[in-house]
Amino acid sequence: MNFDLTDEQDQLRDAVRALGRRYGHSYFVSKAKAGEHTTELWHEAGRLGYLGVNIPTEYGGGGGGITELALVCEELAAAGCPLLLLVVSPAIAATVINKHGTEEQRKRHLPGLADGSQKIVFAITEPDAGSNFHRLGTVARRDGDDWLLSGRKVYISGVDEADHVLVVARTEDASSGKLKPALFIVPTDAPGLEKSKLDMEILSPENQFLLYLDDVRLPADALVGESLDAGLPALFAGLNPERITVAAMGAGTGRYAIEKASDYTTTRKVWGGRPIGSHQGVAHPLAHAAVQVELARLMIHKAATLYDAGRDLEAGVAGNMAKYAAGEAAALAVDTAVQALGGAGMTTEYGVATLLGAVRAGRIAPVSREMILNFVAQHVLGQDKSY
Ligand SMILES: Cc1cc2nc3c(=O)[nH]c(=O)nc-3n(C[C@H](O)[C@H](O)[C@H](O)COP(=O)(O)OP(=O)(O)OC[C@H]3O[C@@H](n4cnc5c(N)ncnc54)[C@H](O)[C@@H]3O)c2cc1C
């Protein structure tokens, strides 16, 4: 058992922390309030190699794994910059294309994802399917060598910033008549693809969209992989990296909130000369939240280590547990920090309540706490499937 990072991972963590602190939460918030994106931070992170840490060196990446990408996600969030598109583009899209794309797709997309010049977002959720992706209604039909895609997607993050969107559709398997998932790399400016921005109560520079696909015509090589058989494994390939990196983002956000609150409660004095943190009613909730965040970090470390060792099934269990734990811990930490700061906790200046929407959403997306509990009940505890 080893709880230590390697020297290289330690250096990566320190360097990303320094970058995040140079931008900081006020940068993140000001971009969100102005309706702008964190473009400068994204490009700098790309230039420094942090967006491609998990991409093989032959495609311009750092040759590391999800452990390294999780460090990047956690440290940027701990600096007050929780970037959801790190989860979507390098974690999901790059993994799917690297593991299941064709060589041509790897060459076309991975270098741009690694240096940050390209973003690929991910669209699976649909208005009428939600948590139940077996009900996906987006359909891919053959038309000669081309594909035609039709359907609707909802809550798709970052479509306005991305060159492509990785769309999960279903297609009819002619031999069996069964419906199979298939993934397509769709240019965001493809004719027939319309987006409409959703009004979300989350203070973030990253936006969510409704997507309408109306006979979007795609060439044969937009399909991820050599054949339709790549669809299911490609879809599953993205899940563990998604859960682990989103958990890391949650843990980083929790750390950020607890640090803010601890700084405040050691200096704020309203009862004589003692800081408010000397009252256990203030300190204990913060200490409790710190324990929860630290437990989540342990599980993230375990899940990432299992994943990078190729132990996908065990990583699936650990990744789900890590996501659950980090989602709960982040929400608890931010709420507790707001309380510890009193009125200051609700101000933009102190930068804690600005995260309430994001951590609340972290208990719903990308997989809800209930669906994780279903997974654990079924696959760990051996209970019957209840739905
Ligand atoms: C900020 C944000 C960003 C997102 N970004 C993306 C993105 O980039 N790409 C993308 O594809 N999707 C994205 N999503 C969508 C997200 O993955 C879904 O919201 C999530 O999977 C839940 O689906 P739903 O909202 O349709 O909820 P529903 O499926 O309608 O569920 C509603 C509630 O019922 C519960 N529930 C449902 N079924 C069960 C059951 N069997 N047992 C117990 N409880 C159940 C759920 O846990 C939830 O609490 C994003 C969502 C948010 C909020």
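So, here's what we can say about the structure. (Residues numbered from 1 in each chain as written. Predicted model: local features only at pLDDT ≥ 70, side-chain atom pairs only at ≥ 80, totals over all residues. Heavy atoms only, no water.)

### Remarks on the site of the ligand
Moving on, step 1. As a structural note, the neighbourhood of the ligand is formed by 19 residues, with Thr125, Ser131, Tyr155, Ser368 and Glu370 the closest of them.
Moving on, step 2. Within the side chain of Glu370, one N or O atom sits 2.6 Å away from an oxygen atom of the ligand.
Moving on, step 3. At 3.0 Å from a nitrogen atom of the ligand is found a side-chain nitrogen or oxygen belonging to Asn374.
Moving on, step 4. About the coverage of the ligand: the protein hides 69% of its 970 Å² of free accessible area.
Moving on, step 5. Those elements that place two or more of their residues in the shell around the ligand are strand S1 (120-123), strand S3 (146-157) and helix H10 (369-379).
Moving on, step 6. Classifying every residue of the shell around the ligand by side-chain character gives 11 nonpolar, 7 polar and 1 charged. (Near = heavy atom within 4 Å. Polar contact = N/O pair within 3.5 Å; in protein donor to acceptor, adjacent residues only side chain to side chain. Areas by Shrake-Rupley, 256 points an atom, 1.4 Å probe, with all protein chains shown as cover. Helix = DSSP H or I, 4+ residues; strand = E, 2+ residues; numbered from the N terminus. Nonpolar A, V, L, I, M, F, W, Y, C, P; charged D, E, K, R; others polar.)

### Quick word on helix H2 (residues 39-47)
Moving on, step 1. Among all positions in H2, only Leu41, Trp42, Glu44, Ala45 and Gly46 are buried.
Moving on, step 2. Those residues of H2 hidden inside the fold are in contact with helix H1 (7-33), helix H3 (66-78), helix H4 (84-100) and helix H5 (103-115).
Moving on, step 3. Looking one or two residues beyond H2, the residue adopting positive phi is Gly49, at roughly 90 degrees. (Buried < 20%, exposed > 50% of the residue type's maximum accessible area, 1.4 Å probe, protein only. Contact = heavy atoms within 4.5 Å.)

### Remarks on the side chain of Arg243
Moving on, step 1. Mapping Arg243 onto the fold places it in helix H6 (residues 231-267).
Moving on, step 2. Here the side chain of Arg243 touches Glu242 through a polar contact of 2.6 Å, side chain to side chain.
Moving on, step 3. When sequence neighbours within four positions are dropped, the list of residues in contact with Arg243 reads Gly319, Asn320, Lys323 and Val367.

### A look at the pairing of strand S2 (residues 139-143)
Moving on, step 1. Both S2 and S3 contribute to a ladder of 5 bridges, which runs antiparallel. The partner of Val139 across the bridge, within S3, is Ser150.
Moving on, step 2. Turn length for the S2-S3 hairpin, with the two strands adjacent in sequence and antiparallel, is 2 residues, and the turn residue Gly144 shows positive phi of about 65 degrees. (Pairing = 2+ DSSP bridges.)

### A closer look at the packing of H1 against H2
Moving on, step 1. Closest axis-to-axis distance for the H1/H2 pair is 10 Å, and the angle between their directions is 155 degrees. Of the possible angle classes, the one that applies to H1 and H2 is roughly antiparallel. Helix-helix and strand crossings are classified by hand; for H1 and H2 the assignment is left-handed. Where H1 abuts H2, its residues Leu19, Arg22, Tyr23, Tyr27 and Lys31 lie against Thr39, Glu40, Leu41, Glu44 and Ala45.
Moving on, step 2. A per-class count over the contact of H1 with H2 returns 5 nonpolar, 1 polar and 4 charged. (Axes fitted to C-alpha atoms, helices over the stretch in contact; angles between N-to-C directions. Parallel < 35°, antiparallel > 145°, perpendicular 65-115°, else oblique. Left-handed = near helix turned anticlockwise from the far one by under 90°.)

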